[in-house]
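Examination of the molecular architecture
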Amino acid sequence: MLNDITVDILMATYNGEKYIEQQIDSILNQTYVNFNLIISDDCSSDKTLKIIKKYEQKDKRIKVYQQQKNLGYRKNFEFLCNKISSKYIMFSDQDDVWLQDKIEKMLDYIKVKNSALVYCDLDIVDKSGAWFAYKGQK
C-alpha cells in the first residue's frame, strides 16, 4: 500500500444535514488514515454547517470553508479543486457512505496497475439503508 501518500477528499455540501454525519463518519473510519477532508458548504439553510464545523473541531484532517453566496454544486466543487495540496484526490457527495476500505483499495489499485485515474462502482440504498434494485441487480 502507499502509506506515505496523502489523499485530499473533496466534499461539497448544501442542506445535507440528514446524511452528512453518516458520510463523514464513514470517511473518518477508513482503514487508510492519511487523508485530508476538505469541505465547502454552499450556504446551507439547515444544520449542515453546524454539523461539519463540529467535526472540524474534533479532527485536524478536516478543513471547512463557508461560501458567502450560493455557487451551485459545479462551482462549489471547482472551489474545492483550488484547495488541493495532495497528489491524489477523491470526490465525495454529502449523502454517500463509503465502505471502510475504499481509500485503501483504490490506492492499492493505483499501485498495482500504475493508473492515473481510478473509479469505483456503487450500490444504491433507500433512505432506511435497504438495498435498492439497480438495473435489475441485487
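Please refer to the structure placed before this passage.
In this report, the structure presented in the accompanying data block is examined. (Residues numbered from 1 in each chain as written. Predicted model: local features only at pLDDT ≥ 70, side-chain atom pairs only at ≥ 80, totals over all residues. Heavy atoms only, no water.)

Regarding the pattern of salt bridges
Scanning the entire structure with this criterion turns up five salt bridges. Across the salt bridge formed by Lys53 and Glu56, the nearest N and O atoms sit 3.7 Å from each other. Taken together, the residues span about one helical turn, with Lys53 and Glu56 both in helix H2 (residues 48–58) at a distance of three residues. (Salt bridge = Lys/Arg side-chain N within 4 Å of Asp/Glu carboxyl O. Helix = DSSP H or I, 4+ residues; strand = E, 2+ residues; numbered from the N terminus.)

A closer look at unusual backbone geometry
Here the phi dihedral of Asn15 falls at roughly 45 degrees; this positive angle occurs in a residue that is not glycine. Topologically, Asn15 is positioned in the loop between strand E1 (7–13) and helix H1 (20–28). The exposure class of Asn15 is partly exposed, given its relative accessible area of 30%. Unusually for a residue other than glycine, Cys43 sits at a positive phi of about 65 degrees. Locating Cys43 in the fold gives a position in the loop between strand E2 (35–41) and H2. (Buried < 20%, exposed > 50% of the residue type's maximum accessible area, 1.4 Å probe, protein only.)

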